[in-house]
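Next come the chains, spelled out residue by residue.
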Amino acid sequence: MKKEISKIYNPKGVEKRWYDFWMDNGFFRADPNSSKESFTIMIPPPNVTAELHIGHALNNTIQDIFIRYKKMKGYETLWMPGMDHAGIATQNVVERQLAKEGLDRHDLGREKFVERVWEWKKEKGGKIIEQLKTLGFACDWDREVFTMDEQLSKAVTEVFVSLHERGHIYRAKYIINWCPRCGTALSDEEVEHKELQGHLWHLKYPVDGSPEFVTVATTRPETMLGDSAVAVNPEDERYKNLHGKSVILPLLNRKLKVIQDSLVDPEFGTGVVKVTPAHDPNDFEMGERHGLEKINILNEDGTLNENAGQYAGLDRFEARERILKDLEAEGLLVKIEDHDHSVGHCYRCSTIIEPYLSEQWFVKIAPLAEKAIDAVKSGKIKLHPKKWIKTYDHWMENIRDWCISRQLWWGHRIPAYHCEECGEIMVAREEPEKCAHCSGALKQDPDVLDTWFSSWLWPFSTLGWPDKTAELKSFYPTNTLVTGNEILFFWVARMIMSGLEFMEAVPFTDVYLHGIVRDEQGRKMSKSLGNGIDPLKMVNLYSADAVRYTLLSLAPEGQDIRIGEKDFEIGRNFTNKIWNAYRFISSKIDDKDLPELNYSELELADEWIISRYNYAVASISDDIENFKVSSALDNAYKFFWGEYCDWYLELIKERLYSDDEARVNSALSVAVHVFKGTMQLLHPFVPFVTEEVYTELSGEKSIMLSSMPISDESRINRAVEDKMSLIQELSTAVRTIRSQMSVPPSVKATLILRSNSKENLEIIEENRSYIENLCKLDSIELNGKSERPKLAATDVVKNIELIMPLEGLIDIELETERLNKALHNVEGALKAVENKLVNKSFVKNAPPAVVEKEKQKKHDFSEKVTKIKTNLKWLTNAS
RNA sequence: GGGCGCAUAGCUCAGCUGGUUUAGAGCACCGCCCUUACAAGGCGGGGGUCACUGGUUCGAAUCCAGUUGCGCCUACCA
């Protein structure tokens, strides 16, 4: 009975069916009580607002590879899934929704608004989870968590209070990054610096009690309204006359002291700086040093406040224009220079950030950073690729305190309580009833915590911390963290700090940092550019396996990836190749029971593919263990397509089509053995198609329950591979002649081989049918007595002379050209080798084995040259 | 300003600790083939002074230094 199998692999249906099967059978579930060694990966939690993009697809494919590989290696694997509440992003989404109804969040009030966000989350949020499933990811979905879940919130409170108790959290009035659109403070990491073309405006400030002026240079002229001094470098000779004097702030006519501070760079601008302590971090420092007034001129929304005099109420950029115009009218704007500088933007809404003076909560980070630096330095945590270690060190060593309070409503409320009577602040796990100091009424701090303040606890909060759970015991520390390199500081570094502080152990042992997926022109994919590729569309078009395969095959280790929609054909073609190899083998099996692989009955091709297979098993496993996943896939591809399909399956066709059942069975048993193993190796990369063909072929329940093949190094046989490569080279040479001389497969040809190597002749004699079948030859004559034909195409392979009589078919001119080219090449190679051997220091210094090799080469090349020359002569004589 | 990375075929990239004939793959290109797994395929072919300069070495795409170009990160770039 022949099974009807489609000529083309049709993934539709297959993928959904298997995913449901895996889920229904609980294959993704992790058992904390298992006796097996555990292997754990924490998913980088996608934002609840996120929709699947190609970066998620890559990130999670890599994780899935590790998880599926380790599971088949016998580990108890846990891939912990979950989502991030994404404070700003989520609040923005719901606020936009409200705006459509003509409302803002204040119309609802805090409680109602937060309710509304939860509603939104239930209805529209978390789409990405379902989307991830279409790509086949083996997360333990039963464990899915959300950073705002009760358990995780408990962890956040515990950490805040406990850090506070340890003196690592403080509240202070400081210059922070303020997003006027989001209306909240941001941490340094949440500010994206973009290089902008700006201007350096030179402004004249009149010197008090003198007809003179000083000229200051600024990129933000509107901040002059908040100036409380001008500063010069104390060493600057040009301005020594100003020491002790004052200047008059134009427009507002305020008197400003001239101060001296070594922070001022005499080389930059005019060497005189306006000092605005409330709106610039450097000026803030100077203000502290010189006891200057801090004049805040901005409202929270970026408009100017009452301190801005006649400019109050204007937007900051409008104010800039107006101020410049007014200064110009007074003749105080003396020069405008082009000036490129980097400007901070909000990472969520791209609004230009204002350095803003406000009261915020901070984490004193230096004490935490110290241990985290050491964890990486000592190798307790390894970064892959290693190049990130330097970047990590540099960042950690220069880290500044972490501003963790956000003026948002969506997030974890800060567990601090302010006394309405005496102003006392109490930090506590449970809300205290009254002020411990004066028994006054308490009000909880209105701010919420930075979203990253919950995600930095991810490796243990997801496992039930601060409770002592079985999960924590089994799965912490986790093993590998896979994430984009852009998130190293935001998240990875902070998890290391929190893990060491609260678990007293690293949160993971290895960090795999991959690059960013870009479009074909190397641009970041973004909504505004419209150059994104929708992974779901690609899954629909090409299959999930194809998407996974393509992404990975294009992903150089840790580097950015360029990709276009058409590239997904690579993956589709590969799965189709698997399908057809399966189809071929399976058509030969029919219903019969397959005999076990019998190593004593193998012929050359079998031994060869088994040797190559065992080599492939070793190299692919090595690659995965060493975090070289795309190299692993490349090796799997090369073996499966380039060796198994291109050579082995071709070599056994003669046996498979024969009537001799024993011959059929021996070939088939090897073919199936190697195919099954290859599917297992490939399963982590392309889980669906491998599951489909593996189970069909083996009758087993699931490939996921099978064990990853282990390389039997004793089957790697160099001698066999050498023999086989002789067959391959000869075959290629014959095929080349046929192709060049346009001899179609339908025309059978004869091949004459001549050699004085007894060894090579024996190999060919034993395996002549391989060459005959691969090259569609009638016969091969080995060192025969027949006359050399007048007209023949020729070649030389490993000192074996190939002669193909092609009377009537040969194009003499073409063949001459071909031989001349070959001659030229070999002569070049010969020359290079000779040059080496003539060089006395080479012979003296190079290892003997290398010298010996070169001598052998020289011998071979010169012999080949002679033979080609002879063949050329024959051609000339014949024409 | 500092740091890191990249530069190999028309394009995307392999090439790990120097020695695989004269550097590989995929895509693209050319030729032949609907050969009894696969035209989403097979077989063959063309195409590269490995960015530049210098150094180390018997020997460099590979190691070192510098130069140029590009990218990313980072900074108290008024």
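Below, the structure is looked at part by part.

Once that is clear, we can look at the overall build of chain A. When you go through chain A residue by residue, the secondary structure sums to 29 helices and 29 strands. On C-alpha atoms alone, chain A measures out to a radius of gyration of 37 Å, which is more than a quarter above the 29 Å that the 2.2 N^0.38 rule sets for 879 residues. Over its C-alpha atoms, taken along the principal directions, chain A stretches across nearly 120 × 65 × 55 Å. Across the 879 residues of chain A, 55% fall into the buried class. Of the roughly 39800 Å² that chain A leaves accessible, carbon and sulfur atoms contribute 47%. For chain A, the distance from the average position of its 113 positive side-chain charges to the average position of its 138 negative side-chain charges is 4 Å.

Now for empty space enclosed by the protein. A full pass over the atoms with the stated rule returns 4 cavities of 30 Å³ or more. In this structure, the largest cavity encloses a volume near 50 Å³. Lining of the largest cavity is provided by Phe27, Phe28, Ile67, Arg68, Lys71, Thr77, Leu78, Trp79, Ala138 and Met704. Counting residues per element, the ones that place at least two in the lining of the largest cavity are helix H2 (54-72) and strand S2 (76-80). When the residues that make up the lining of the largest cavity are grouped by side-chain class, the tally is 7 nonpolar, 1 polar and 2 charged.

Let us look at the layout of surface pockets. The probe, sized like a water molecule, is rolled over the atoms to show the empty space still left. A volume near 550 Å³ is recorded for the second largest pocket. Along its surface, the second largest pocket is lined by 24 residues, and Asn760, Lys798, Asn799, Gln856 and Asp860 are the ones closest to its centre. Looking at the lining of the second largest pocket, the elements with two or more residues in it are helix H24 (718-740), helix H25 (758-766) and helix H29 (848-878). Per element, the largest residue contribution to the lining of the second largest pocket is 8 residues, and it comes from H29. Class assignment of the residues belonging to the lining of the second largest pocket gives a composition of 6 nonpolar, 8 polar and 10 charged.

A word on the sheet that holds strand S15 (residues 382-384). Strands sit in the order S15-S23-S22 across an open sheet of 3 strands; the sheet is parallel. The open sheet has two edge strands, S15 and strand S22 (478-484), and neither has a second partner. Neighbour-to-neighbour, the strand axes of the sheet open up by a mean angle of 20°, direction not taken into account. Bridge analysis of S22 against strand S23 (residues 508-514) gives 6 bridges, and the strand direction is parallel. Residue pairing across strands places Thr480 opposite Asp510, the latter belonging to S23.

Turning next to the packing of helix H27 (residues 812-838) against H29. Viewed as axis vectors pointing N to C, H27 and H29 meet at an angle of 155°, and their least axial separation amounts to 9 Å. In terms of orientation, H27 and H29 fall into the roughly antiparallel class. H29 is crossed by H27, and the crossing has left-handed handedness. For the contact of H27 with H29, the residue count by class is 15 nonpolar, 4 polar and 10 charged.

As a further point, take H29. Given a rise of 1.5 Å per residue, 31 residues ought to cover 45 Å, and the 45 Å separating the end C-alpha atoms of H29 matches this to within 8%. Where H29 is buried, its residues contact strand S28 (792-797), strand S29 (800-805), H27 and helix H28 (840-845).

Our next topic: the environment of Gln197. Examined against the element boundaries, Gln197 turns out to sit in strand S7 (residues 191-206). Taking the C-alpha atoms as reference points, Gln197 and Glu854, separated by 657 residues in sequence, lie 61 Å from one another.

Time to look at the protein's contact with RNA strand B. Near RNA strand B you find 62 residues, and of these Val273, Ser342, Tyr657, Asn825 and Phe861 are the closest. Side-chain polar atom of Thr218 to a sugar or linking oxygen of RNA strand B: 3.4 Å apart, as the coordinates give it. With respect to RNA strand B, the side chain of Asn282 contributes an N or O atom lying 2.3 Å from a sugar or linking oxygen. Looking at the surface near RNA strand B element by element, the count peaks at 8 residues for helix H18 (residues 568-589). Residues that form the surface near RNA strand B fall into these classes: 23 nonpolar, 21 polar and 18 charged.

Here we take up the side chain of Asn92. If you trace the backbone, Asn92 turns up in helix H3 (residues 87-100). Relative accessible area serves as the criterion here: at 10%, Asn92 is assigned to the buried category. Asn92 has contacts with Arg181 and Cys182, leaving out every residue within four places of it along the chain.

Take the nonpolar core next. Counting residues in hydrophobic clusters, the biggest one holds 228 residues, and the most contacted among them are Phe453, Tyr644 and Phe675. Excluding residues that lie within four positions of it along the chain, Phe675 makes contacts with Ile578, Ala581, Tyr582, Ile585, Phe640, Tyr644, Val693 and Leu697. Ala185, Val247, Ile295 and Leu327 belong to the second-largest nonpolar core, a separate cluster that totals 38 residues.

To continue, consider the sheet that holds strand S13 (residues 333-346). Spatial strand order, S8-S7-S13: 3 strands in an open sheet with antiparallel pairing. Every interior strand has two partners, whereas the edge strands, strand S8 (213-218) and S13, have only one. With direction set aside, neighbouring strand axes in the sheet form an average angle of 20°. As defined by bridge partners, S7 adjoins S8 across 6 bridges and the pair is classed as antiparallel. Bridge pairing links Pro206 to Phe213 in S8.

The next subject is the pairing of S29. Within S29, 5 of the 6 residues are buried, which leaves it mostly tucked inside the rest of the structure. Sheet topology note: the strand S26 (residues 749-754)/S29 ladder contains 3 bridges and is antiparallel. By the bridge assignment, Leu753 is partnered in S29 with Leu802. Bridge count for S28 against S29 is 6 bridges, and the pairing is antiparallel. Bridge pairing links Ala793 to Met804 in S29. Adjacent in sequence and paired antiparallel, S28 and S29 are bridged by 2 residues, among which Lys798 carries a positive phi angle near 45°.

Our next topic: the packing of helix H10 (residues 366-377) against helix H15 (residues 488-503). Between H10 and H15, the shortest axis-to-axis distance is 8 Å and the interhelical angle comes to 105°. In terms of orientation, H10 lies roughly perpendicular with respect to H15. Here Leu368, Ala369, Lys371, Ala372, Ala375 and Val376 of H10 lie close against H15, whose contacting residues are Ile496, Met497, Leu500 and Glu501. Tallied by class, the residues present in the contact of H10 with H15 amount to 8 nonpolar, no polar and 2 charged.

Any two side chains of opposite charge can pair, on the condition that their charged atoms come close. Enumeration according to the criterion identifies 53 salt bridges in this entry. Between Arg17 and Glu692 there is a salt bridge whose closest N-O contact spans 3.1 Å. On the criterion of sequence distance, the pair formed by Arg17 in helix H1 (residues 14-24) and Glu692 in helix H23 (residues 687-698) is long-range, its members being 675 residues apart. According to the relative accessible area criterion, Glu692 is buried, its value standing at 9%. Three or more residues joined by partner-sharing salt bridges are found here, namely Asp64, Arg68 and Arg548.

Analysis parameters
Residues numbered from 1 in each chain as written. Chains lettered and ligands numbered in written order. Predicted model: local features only at pLDDT ≥ 70, side-chain atom pairs only at ≥ 80, totals over all residues. Heavy atoms only, no water. Helix = DSSP H or I, 4+ residues; strand = E, 2+ residues; numbered from the N terminus. Rg over C-alpha atoms; globule rule 2.2 N^0.38 Å. Buried < 20%, exposed > 50% of the residue type's maximum accessible area, 1.4 Å probe, protein only. Areas by Shrake-Rupley, 256 points an atom, 1.4 Å probe, with all protein chains shown as cover. Lys, Arg positive; Asp, Glu negative; His and termini not counted. Charge placed at Lys NZ, Arg CZ, Asp CG, Glu CD. 1 Å grid on protein atoms, 1.4 Å probe; cavity = no way out; pocket = protein on both sides within 12 Å on 5 of 7 lines; lining within 4 Å. Points joined across faces, edges and corners; volume = space filled by probe spheres on them. Nonpolar A, V, L, I, M, F, W, Y, C, P; charged D, E, K, R; others polar. Pairing = 2+ DSSP bridges. Axes fitted to C-alpha atoms, helices over the stretch in contact; angles between N-to-C directions. Parallel < 35°, antiparallel > 145°, perpendicular 65-115°, else oblique. Left-handed = near helix turned anticlockwise from the far one by under 90°. Expected span 1.5 Å × (residues − 1). Contact = heavy atoms within 4.5 Å. Near = heavy atom within 4 Å. Polar contact = N/O pair within 3.5 Å; in protein donor to acceptor, adjacent residues only side chain to side chain. Core = buried A, V, L, I, M, F, W, Y, C linked by side-chain atoms within 4.5 Å. Salt bridge = Lys/Arg side-chain N within 4 Å of Asp/Glu carboxyl O.

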